[in-house]
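One-letter residues, chain by chain:
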Amino acid sequence: MKKLASLFFVSFIVVAAFAQNPTIEILTSGTKTSIRGLSVVTDNVLWVSGSNGWVGRSTNGGKDWKWFQVKGFEKRDFRDIEAFDGATAIIMAVDTPAYILRTVDGGETWKIVYENKKPGMFLDAIEFWNSEAGIVIGDPIDGKIFIARTFNNGQTWTELPEKFKPVGDKGEACFAASGTNIRPLDRDEAVFITGGLTSNVFIRDQKIKLPIIQGKETTGANSIAVWDNKKVNGGNKMIVVGGDFNADSSSINNCFYTANRGKTWKAPKQPPHGYRSCVEYITEKRLITCGTKGVDYSIDGGDTWNLISKEGFHVVRKAKDGKAVYLAGSGGRVFKLVQ
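Enquirer: Any chance you could break down the nonpolar core for me, citing the residues and the numbers?
Expert: Membership of the largest hydrophobic core comes to 26 residues, with the highest contact counts inside it found for Ile288, Leu327 and Leu337. Broken down by element, this core gets its largest block of residues, four residues, from strand E28 (residues 325-328). Not counting residues up to four positions away in its chain, the partners in contact with leucine 327 are Ile24, Leu38, Ile288, Cys290, Val295, Phe313, Val315, Val316, Arg333, Val334, Phe335 and Leu337. Core analysis: the second largest hydrophobic core is formed by 17 residues, Ile90, Met92, Phe128 and Val136 among them.

Enquirer: Can you explain the layout of surface pockets? Please cite residues and give values.
Expert: One number sums up the size of the second largest pocket: a volume of about 390 Å³. A per-element tally of the lining of the second largest pocket places strand E16 (residues 189-193) first, with three residues. When grouped by side-chain class, the residues that make up the lining of the second largest pocket number twelve nonpolar, one polar and six charged.

Enquirer: Can you tell me about the sheet that holds strand E27 (residues 315-318), naming the residues and giving the values?
Expert: Judged by pairing direction, the sheet is antiparallel, and its four strands sit side by side in the order E1-E29-E28-E27 without closing on themselves. The open sheet is flanked by strand E1 (23-28) and E27, the only strands paired with a single partner. Each neighbouring strand pair of the sheet contributes to a mean axis angle of 30°, computed without reference to strand direction. Strand direction decides the pairing type here: E27 and E28, joined by four bridges, are antiparallel. Each residue of the ladder has a partner; that of lysine 318, found in E28, is valine 325.

Enquirer: I'd love a proper account of the pairing of strand E21 (residues 238-244), names of residues and values included.
Expert: Most of E21 sits inside the fold, with seven of its seven residues counted as buried. Burial of the side chains of E21 extends over both faces: Met238, Val240, Gly242 and Asp244 are buried on one face and Ile239, Val241 and Gly243 on the other. Sheet analysis places strand E20 (residues 219-226) next to E21, joined by seven bridges and oriented antiparallel. Of the residues in E21, the one forming a bridge with isoleucine 224 is valine 240.

Enquirer: Describe the side chain of aspartate 77, naming the residues involved and giving the relevant values.
Expert: Its location among the elements puts aspartate 77 in the loop between strand E5 (66-69) and strand E6 (78-83). In this structure aspartate 77 touches Gly50, Ser51, Met92, Ala93 and Val94, once residues within four positions along its chain are discounted.

Enquirer: Break down the sheet that holds strand E24 (residues 287-291) for me, citing the residues and quoting the values.
Expert: Read from one edge of the open sheet, four strands run E23-E24-E25-E26, paired in antiparallel fashion. Both outer strands of the open sheet, strand E23 (278-281) and strand E26 (306-309), are each paired with one neighbouring strand and no more. Neighbour to neighbour, the strand axes of the sheet diverge by 25° on average, direction disregarded. Judged from the three bridges that link them, strand E25 (residues 294-298) and E26 form a sheet pairing that is antiparallel. Bridge assignment links valine 295 to a residue of E26, and that residue is serine 309.

Enquirer: Summarise the environment of glycine 30; cite the residues concerned and give the values.
Expert: If you trace the backbone, glycine 30 turns up in the loop between E1 and strand E2 (35-40). Considered as a pair, glycine 30 and serine 330 are 300 residues apart in the sequence and their alpha carbons are 9.1 Å apart.

Enquirer: Please set out the packing of aromatic side chains residue by residue, giving values where relevant.
Expert: Tallied over the full model, the rule gives 13 aromatic pairs. With centroids separated by 6.5 Å and ring planes inclined at 85°, the aromatic side chains of tryptophan 47 and tryptophan 110 adopt a geometry described as edge-to-face. Note that tryptophan 47 is positioned in strand E3 (residues 46-50) and tryptophan 110 in the loop between strand E8 (98-103) and strand E9 (111-116), a separation of 63 residues in sequence. A single burial state applies to tryptophan 47 and to tryptophan 110, both of which are buried. Pairing phenylalanine 84 with phenylalanine 128 gives two aromatic rings, centres 5.0 Å apart and planes at 80°, and the pair type is edge-to-face. Highlighted residues: phenylalanine 84 in the loop between E6 and strand E7 (89-93) and phenylalanine 128 in strand E10 (residues 123-128), separated in sequence by 44 residues. Here phenylalanine 84 matches phenylalanine 128 in class, with each residue buried. An aromatic cluster is present here, built from Trp54, Trp65 and Trp67 joined pairwise through their rings.

Enquirer: Describe the pattern of salt bridges, listing the residues and the values that go with them.
Expert: Counted according to the given criterion, the structure contains 17 salt bridges. Between glutamate 280 and arginine 317 there is a salt bridge, and its shortest N-O distance comes to 3.4 Å. Placement of the pair is glutamate 280 in strand E23 and arginine 317 in strand E27, with a sequence separation of 37 residues. Since its relative accessible area comes to 6%, glutamate 280 is described here as buried. Three or more residues are tied together by salt bridges with common partners; here these are Glu127, Arg183, Glu280 and Arg317.

Reading guide: rules and limits
Residues numbered from 1 in each chain as written. Predicted model: local features only at pLDDT ≥ 70, side-chain atom pairs only at ≥ 80, totals over all residues. Heavy atoms only, no water. Core = buried A, V, L, I, M, F, W, Y, C linked by side-chain atoms within 4.5 Å. Buried < 20%, exposed > 50% of the residue type's maximum accessible area, 1.4 Å probe, protein only. Helix = DSSP H or I, 4+ residues; strand = E, 2+ residues; numbered from the N terminus. Contact = heavy atoms within 4.5 Å. 1 Å grid on protein atoms, 1.4 Å probe; cavity = no way out; pocket = protein on both sides within 12 Å on 5 of 7 lines; lining within 4 Å. Points joined across faces, edges and corners; volume = space filled by probe spheres on them. Nonpolar A, V, L, I, M, F, W, Y, C, P; charged D, E, K, R; others polar. Pairing = 2+ DSSP bridges. Axes fitted to C-alpha atoms, helices over the stretch in contact; angles between N-to-C directions. Phe/Tyr/Trp six-rings, centres within 6.5 Å; stacked < 30°, edge-to-face > 60°. Salt bridge = Lys/Arg side-chain N within 4 Å of Asp/Glu carboxyl O.

The following block contains the structure:
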């Protein structure tokens, strides 16, 4: 009986371990695009955007897809997308001239709602607090980080006056890696990160130096996730990932998390296994992060990361209204996390 009990205990540990480490399953691939934009509205409705002017949409959890190559933008890179339902979405063409486009008919037609031909323009990410209020961030121009706002569901955008734009250091920029270098923090406030020669986190009028690897154009923070962004005075728990995308197998100083709104940062006991371009909270304790060298999963708030796949992805997002988690990357590949 004692031996049988021991075997049962070992079996329980094995089953529990498998339950704690989910798997991923492929939904679609083959489209000639590298996907970095992913917006998951519900468990069933998700949109993706990427290079060569491609946008994809599924309304049944990734079983079927409709792909659009936006007319006139066939050579553009849509690095981020924000969707609100199966009909309405906003995409961002990053490089000069920078564009923001909007559809209200499920991607059949697109309207230009913002255009900026200023030399040096490079948009990095779009984020929304709710269906009306949103923000777009871009690389510094003349030392000032570009920011524009919308308050009408992306129909019009207004650039922040120069005197209110955050000041970037020399060699400091934002990575358009996954559309997640800016996130809602409180009800009307955002937090964003930078990388390059210097890597910082910006919170209201604070500019806090991150302990993440930095010093080269290819290093720094790529993605930030916020757990308690819905609290009025919340936004306390945050996590950042990144690394050096030219040394994407290195785990040196590639992840840090905070429980006190960025005052102090802690390195994981076991960091993600390489450069990571996106991180996402699933629950307060369960997180997922991905990059070109694989996917890691944490069940302890980001202190320990387990490699669950060596498949490379650019972006991972959880449903805004639901529990489903999807990943996307090069070759038009979209996967679903099986928990």
